[in-house]
Amino acid sequence: MKKMLILLGLLSLVVLNATTQKPLEKLSLSQALKILDKNNLELKVAKFESQMKDYEADEAFGYNLGKLDVSVTGLRSNDAGNVFGFKLQSREASFGDFGFNQFLSGMGQAMINPATGNPEFNSFAANMSNPVVQQQLLKTQPDDLNYPDARSHFQTKLTYMLPIYTGGKLHEYGKITKAMVKMSRFDTQKLRNEKIYQTRKLFCDISLVEDYIGNLTQIIHNIDTLENVVISMKIEGYAKNADLLEVEARKAEAQSMLNQAELNRVLAYQFLSFLLNTEVKSIICMKKMAPKPKIDLKALEASNIDIQKAKLGLEMTDMAVGVERSKFLPQVGAFAEYGSANDQLLKDFDEKDSYTVGVQLSWNLFSGGSDYANFEKAKVNRLKVQSQVALAKLGIALQVKKLETEIDGKTSDIKSYQKQLMFAQEVYRNYQARYQEGIVSISDVLIKQSKELEMLLKLLTVKNERNAKVFELESLLNQTNLSKSKEL
C-alpha cells in the first residue's frame, strides 16, 4: 500500500510539472537546437539503441574470457545407486557399504568345525573349496548395499570453461559488434541531422509565414483604403455599387488567405513543439536567407554519413568472410571443475574437495559443402558491397551538385521576384491613383493588386524552397553541428 501511494505521488508530480511548465517564448534557433538534442524523443530512442549496441560489444568480448559457473545441489534419496554414489562423492564409502558385515559373518561360519564346534583353518579351507558353500556366499544379498538408509547430499561445484582457439571466429565477432556500435552511432547522427533539418526548416517556415501574414495584413489595409475611396466616390456619384462589391469580394478573399496563413502558423508551432518535446509559443524569426555552404568534394567522402556507413559495411563484409573461414579450422576449449560434497552443506569442504580439468578439440571435417558455399557467398557479398560503396560515392556527389545547382537557380529566382514585386507594388499604387481620377476601372486596380499578391507568394515560396535546399545540402555534408548553426 505504501509503495502504491509513493508511486501515485510521483506520477502526480510528473503531471503537475508537465501542466505547470511555461511555454517557450522568443525562442532562438540555437536554443531550439540545444533543446532538440536534450528532449527529442526519437533521438533518445536512437541513443538507447546505441547504448544497447555497446553492451552487445561487451558481451562479445566477454566470450573470450570464458565462463565461470557455481552450482549448489541439494538431494535426498534412499535409492541404492544414489546413496552409494553420494558416499563416493563425499569420500565416505566403506567396505561396510558393500555388505561386508554379512560376508564376514559367512566367512566366520565357514571356519567352524561341525564336529568340535571350534574354529579351525582346515575346516575353513575345506568349506571354502566346497561349491555349495561358495554359492551360498556369492548369493548373499547385502542389506546395507541394497537397502541403505535415506541420505541427504549437498554438492557445491565451480565450473570454468574457456575457449582457447576458435579459428578467429570470436575475434571477428568482436570486431563485428564494435562495427555495429559505430554503425548505430552513424544512424543516430543521421537521425539528428534530419531533426536539425526539420527544426531549421520550421524556423524558416514560421519566419516566412510571419512575413506573409505581415504583407497580407498590409494588403488588407490597402484594400480597406481602396474601399473607403470607392465609398467616397460612390457618394459623389463617380463609382458604382458593383465597384464596391468587387472590392469587398477581394477583401474577403484576402482575409481568407490571412486566416489560412494563421492556421498554418499554428500547425508549424505544434510540429516544432513536438520536435522539441516542449511547448513553443513564439520564436525569434529568421531575417536572412540561409547562406550556401562551401562545397569540397574531396572532403565529402569523409564527412557524408551514408558514404561512411557504406565503407563501414564493406569492412564488416571482410569480418563476415573471416567468420565463415573459421568454420574450416579446429575449435579448442578447456574446462576446469572444482567442488566438494557431503551430507551437509559446505561440511568439511576442504577435506572432501575434488577437481577435474580437461581440454577438448573439435574439427568439422565434412559438412556436405554447406560451409564452403557460405564462405563463397560471403566473398561475393563483399564484392557487391564494394560496388555499393562506389555507387554511394558517385550518387552523393551527384546529389550535392544537383542541390548546389538548384540553390543557385532559386537565388536567381529570388532576385527576379523581388524586382517583380517592387514593380507590382508601384503599379498598384499608380492604378489606385488613376482610379481616383477616373482613368481606369476598379477591376484594373484589383488585377494589379492580385499581381502584387501573386509576386509576394512566389517570392516567399522560392525563399522557402531555397532555404530547404540549403538545409538539405548541409545535412548531406554533415554540417549540422550546433557549433555551426548560426542565427539567420
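Our structure's up above, just so we're on the same page.
Residues numbered from 1 in each chain as written. Predicted model: local features only at pLDDT ≥ 70, side-chain atom pairs only at ≥ 80, totals over all residues. Heavy atoms only, no water.

Colleague: Give a detailed account of helix α10 (residues 241-276), specifying residues and quantitative values.
Modeller: Here α10 is 36 residues long and its end C-alpha atoms lie 53 Å apart, about the 52 Å a rise of 1.5 Å per residue gives. Asn277 sits one or two positions beyond α10 and adopts a positive phi of about 55°. (Helix = DSSP H or I, 4+ residues; strand = E, 2+ residues; numbered from the N terminus. Expected span 1.5 Å × (residues − 1).)

Colleague: Any chance you could break down the packing of α10 against helix α14 (residues 442-476) for me, citing the residues and the numbers?
Modeller: Running from N to C, α10 and α14 cross one another at 15°; their axes reach a closest spacing of 10 Å. Judged on the interaxial angle alone, α14 and α10 are roughly parallel. In the crossing of α10 with α14, the sense of the turn from one axis to the other is right-handed. Here α10 contributes Asp243, Glu246, Val247, Arg250 and Met257 to the contact with α14, which in turn contributes Ile442, Ser443, Leu446, Gln449, Ser450, Leu453 and Leu457. (Axes fitted to C-alpha atoms, helices over the stretch in contact; angles between N-to-C directions. Parallel < 35°, antiparallel > 145°, perpendicular 65-115°, else oblique. Left-handed = near helix turned anticlockwise from the far one by under 90°. Contact = heavy atoms within 4.5 Å.)

Colleague: Could you give me a rundown of the packing of aromatic side chains, with the residues and numbers involved?
Modeller: Across all of its chains, the model carries three aromatic pairs by this definition. For the ring pair Tyr338 and Phe349, a centre distance of 6.0 Å and an interplane angle of 65° mean the geometry is edge-to-face. In this pair, Tyr338 sits in strand β3 (residues 331-342) while Phe349 sits in the loop between β3 and β4 (353-362), placing the two residues eleven residues apart along the sequence. Since its relative accessible area comes to 31%, Tyr338 is described here as partly exposed. (Phe/Tyr/Trp six-rings, centres within 6.5 Å; stacked < 30°, edge-to-face > 60°. Buried < 20%, exposed > 50% of the residue type's maximum accessible area, 1.4 Å probe, protein only.)

Colleague: Outline the pattern of salt bridges, supporting the account with residue identities and numerical values.
Modeller: Oppositely charged side chains can form a pair if their charged atoms are brought close together. One pass over the full model with this rule turns up 30 salt bridges. Here Asp54 and Arg185 are joined by a salt bridge, their closest N and O atoms 3.3 Å apart. Linking Asp54 in helix α3 (residues 41-63) with Arg185 in helix α9 (residues 169-235), this pair joins segments that are 131 residues apart in sequence. A relative accessible area of 27% places Asp54 in the partly exposed class. A salt bridge links Lys190 to Asp306; its shortest N-O distance comes to 2.7 Å. Placement of the pair is Lys190 in helix α9 and Asp306 in helix α12 (residues 305-325), with a sequence separation of 116 residues. What makes Lys190 partly exposed here is its relative accessible area of 37%. One continuous salt-bridge network, built from bridges that share partners, spans Asp224, Glu227 and Lys251. (Salt bridge = Lys/Arg side-chain N within 4 Å of Asp/Glu carboxyl O.)

Colleague: Account for the pairing of strand β2 (residues 151-165), naming residues and giving values.
Modeller: As paired elements, strand β1 (residues 67-77) and β2 share eleven bridges and run antiparallel to each other. Each residue of the ladder has a partner; that of Leu68, found in β2, is Tyr160. Where β2 meets β3, eleven bridges bridge the pair, whose relative direction is antiparallel. Bridge pairing in β3 links Lys157 to Gly339. (Pairing = 2+ DSSP bridges.)

Colleague: Give a detailed account of unusual backbone geometry, specifying residues and quantitative values.
Modeller: The phi dihedral of Lys26 falls on the positive side, at around 50°, and the residue is not glycine. Within the secondary structure, Lys26 is located in the loop between α1 (2-20) and α2 (29-39). In this structure Lys26 comes out as exposed when scored by relative accessible area, which is 63%. Phi is positive for Leu346, which is not a glycine, with a value near 60°. Relative to the helices and strands, Leu346 resides in the loop between β3 and β4.

Colleague: Residue-level account of the sheet that holds β1, with values.
Modeller: One open sheet holds the four strands; their spatial order is β1-β2-β3-β4, and the pairing between them is antiparallel. Single-partner strands in this sheet number two, and they are β1 and β4. Taking the axes of each pair of neighbouring strands and ignoring which way they run, one obtains an average angle of 20° across the sheet.

Colleague: Let's hear about helix α4 (residues 80-89): which residues, and what values?
Modeller: The distance from a side-chain oxygen at the start of α4 to the backbone nitrogen of Asn82 is 3.0 Å, and the residue carrying that oxygen is Asp79. Positive backbone phi, approximately 60°, marks Arg91, located one or two places after α4. (Polar contact = N/O pair within 3.5 Å; in protein donor to acceptor, adjacent residues only side chain to side chain.)

Colleague: Go over a nonpolar patch on the surface, please, and point to the residues and values.
Modeller: A grouping of Leu68, Val70, Val72, Leu158, Tyr338, Leu345, Leu346, Tyr355 and Val357 is seen on the molecular surface, where their side chains present a nonpolar patch of about 940 Å² in accessible area. Breaking the nonpolar patch down by element, the ones donating at least two residues are β1 and β4. With three residues, β1 is the single largest residue contributor to the nonpolar patch. On the secondary structure map, Val72 appears in strand β1. (Patch = residues over 30% accessible without salt bridge, like charges linked within 9 Å, V, L, I, M, F, W, Y side chains within 5 Å. Areas by Shrake-Rupley, 256 points an atom, 1.4 Å probe, with all protein chains shown as cover.)

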